[in-house]
Amino acid sequence: MTIAAALRAAAERLSATSDTARLDAELLMAHALGCTRTDLLLRHMQAETPVSFAALVERRLTHEPVTYITGSTEFYGLELQVTPAVLIPRGDTETLVEAAREAFASRAAPRRILDLGTGSGALLLAALSLWPDAEGVAIERSPEALAVARANGQRHAPAAQFLPGDWTQPGWASDLGQFDLVLSNPPYVEDAADLAPSVRAHEPAQALFSGPDGLDDYRVLIPQIPALLAENGIAMIEIGWTQGTAVCALAQGAGLSARVHRDLAMRERAVEMAKIGNILLGNGPSAL
């Protein structure tokens, strides 16, 4: 069977479990061929289908994410290794990086950057792609995720430090010092949230769920942010699209000013925080 015919057949089968069936089929075929999707579409459509393609389709039919099947994804222009040990980096999370870039556009670049709960390393590595002279530090409580982050760090920012750490444990930050920019995409999904099977059954629960209202990790993490911020430092924390008011209230209770930033779909996506008295320089549409 030609690749063109195999793609049509696979897309038809995958349409029962995926809203992006044709794209999924093309990405899986490109992976089977060891080429880019563009190269597949331009040069290989009439070639014979590789034997390995059928097994990849079967995996996708079980709702396994394409990213886990192929083992890589792109985030902020960076190719990242991804395994089931880490949350899949999503485009919405790039909002944090863009908001940080805007916040530092009119002042000195951050000299020290911290990523809390780094997962694949996506946030820290994206920030270091903007500020390559900064010192980058990331912590992660999962040994398996930490190994993925370190592998990505070796490729994109060899000087960055990826350290074991858990913000729920006493003394976790005692040797870290202070930072000009703190980034985090903590767990924030409600325990009983209605999630797609590709998320609930395949992505790591400890990176997703945070209590009945999704706020448990914020309640632990945010009170510790002031001690991590250098003079005029800021924190940029990802939130669920309904959590802006609650997270801003937690920030204010910890002595921080807070501003909500929205993603490209105009949903609340990040809260920028600074010590009271410091000016929030980001361009988010709402400040609380």
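Reading the values: rules and limits
Residues numbered from 1 in each chain as written. Predicted model: local features only at pLDDT ≥ 70, side-chain atom pairs only at ≥ 80, totals over all residues. Heavy atoms only, no water. Helix = DSSP H or I, 4+ residues; strand = E, 2+ residues; numbered from the N terminus. Rg over C-alpha atoms; globule rule 2.2 N^0.38 Å. Buried < 20%, exposed > 50% of the residue type's maximum accessible area, 1.4 Å probe, protein only. Contact = heavy atoms within 4.5 Å. Axes fitted to C-alpha atoms, helices over the stretch in contact; angles between N-to-C directions. Parallel < 35°, antiparallel > 145°, perpendicular 65-115°, else oblique. Left-handed = near helix turned anticlockwise from the far one by under 90°. Nonpolar A, V, L, I, M, F, W, Y, C, P; charged D, E, K, R; others polar. Phe/Tyr/Trp six-rings, centres within 6.5 Å; stacked < 30°, edge-to-face > 60°. Lys NZ or Arg CZ within 6 Å of the ring centre and 35° of its normal. Pairing = 2+ DSSP bridges. Salt bridge = Lys/Arg side-chain N within 4 Å of Asp/Glu carboxyl O. Core = buried A, V, L, I, M, F, W, Y, C linked by side-chain atoms within 4.5 Å.

Asks: Outline the overall build of the protein chain, listing residues and values.
Replies: The secondary structure content of the protein chain amounts to twelve helices and ten strands. For 288 residues, the compact-globule formula gives about 19 Å, and the C-alpha radius of gyration of the protein chain, at 20 Å, lands near that figure. The principal-axis extents of the C-alpha atoms in the protein chain amount to approximately 65 × 40 × 35 Å. Counting over 288 residues, the protein chain shows a buried share of 52%. Across the protein chain, contacts joining residues at least 24 apart in sequence account for 63% of those joining residues at least 6 apart.

Asks: Account for the packing of helix H1 (residues 3–14) against helix H4 (residues 53–61), naming residues and giving values.
Replies: Here H1 crosses H4 at 15°, and the two axes come no closer than 10 Å. As far as their axial angle goes, H4 and H1 are roughly parallel. Taken as a pair, H1 and H4 cross one another with a handedness that is right-handed. Where H1 abuts H4, its residues Ala6, Leu7, Ala10, Arg13 and Leu14 lie against Phe53, Val57, Glu58, Arg60 and Leu61. Split into classes, the residues belonging to the contact of H1 with H4 amount to seven nonpolar, no polar and three charged.

Asks: Describe the packing of aromatic side chains, and please don't skip the residues or the numbers.
Replies: Per the stated rule, a full pass over the model turns up one aromatic pair. Taking 5.6 Å as the distance between ring centres and 70° as the angle between the ring planes, the aromatic pair formed by Phe104 and Trp131 counts as edge-to-face. Taken together, the residues span a long stretch of sequence, with Phe104 in the loop between helix H6 (94–103) and strand S3 (112–116) and Trp131 in the loop between helix H7 (122–130) and strand S4 (135–140) at a distance of 27 residues. Of the residues examined, Phe104 reaches a relative accessible area of 7% and is grouped as buried. Given a relative accessible area of 12%, Trp131 falls into the buried group. Positioned above the aromatic ring of Phe104, the side-chain terminus of Arg107 is 4.6 Å from the ring centre. One Lys or Arg, Arg267, reaches over the ring of Trp241 and ends 4.2 Å from the middle of that ring.

Asks: Residues and numbers for the pairing of strand S6 (residues 179–184), please.
Replies: Most of S6 is tucked away: six of the six residues are buried. Inspection of the sheet shows S3 paired to S6 by four bridges, in the parallel sense. Bridge pairing in S6 places Leu116 opposite Ser184. Examined bridge by bridge, S6 and strand S7 (residues 229–238) share five bridges and lie parallel to one another. Note that in S7 the partner of Val182 across the bridge is Ala235.

Asks: I'd like a rundown of the packing of H6 against H7, residues and numbers included.
Replies: Taken N-terminus to C-terminus, the directions of H6 and H7 make an angle of 35°; their axes are 10 Å apart at the nearest point. In this structure, H6 meets H7 at a crossing whose hand is right-handed. Of H7, the residues touching H6 (which contributes Leu96, Val97 and Arg101) are Leu123, Ala126 and Leu130. Looking at side-chain class alone, the contact of H6 with H7 contains five nonpolar, no polar and one charged residues.

Asks: Lay out the pattern of salt bridges with the relevant residues and their values.
Replies: Across all of its chains, the model carries 15 salt bridges by this definition. Glu58 is paired through a salt bridge with Arg13; the nearest N and O atoms lie 2.8 Å apart. Remark: Arg13 occurs in helix H1 and Glu58 occurs in helix H4; sequence separation between them is 45 residues. Judged by its relative accessible area of 39%, Glu58 falls in the partly exposed class.

Asks: Can you lay out the nonpolar core for me, pointing to particular residues and giving the numbers?
Replies: Soluble, globular proteins show a tendency: their nonpolar side chains are buried together. In this structure, Phe75, Ile113, Trp131, Phe162, Leu181 and Met236 are the most contacted members of the largest nonpolar core, which totals 32 residues. For this core, the elements supplying multiple residues, two or more each, are strand S2 (78–81), H6, H7, helix H8 (143–156), S6, S7 and strand S9 (268–275). Tallying contributions element by element places H7 first for this core, with seven residues. Dropping the residues within four chain positions of it, Ile113 is found in contact with Leu124, Ala127, Leu128, Trp131, Ala134, Glu135, Gly136, Val137, Phe179, Leu181 and Leu183. Of all hydrophobic cores here, the second largest spans 28 residues; its members include Ile139, Leu228, Leu256 and Met273.

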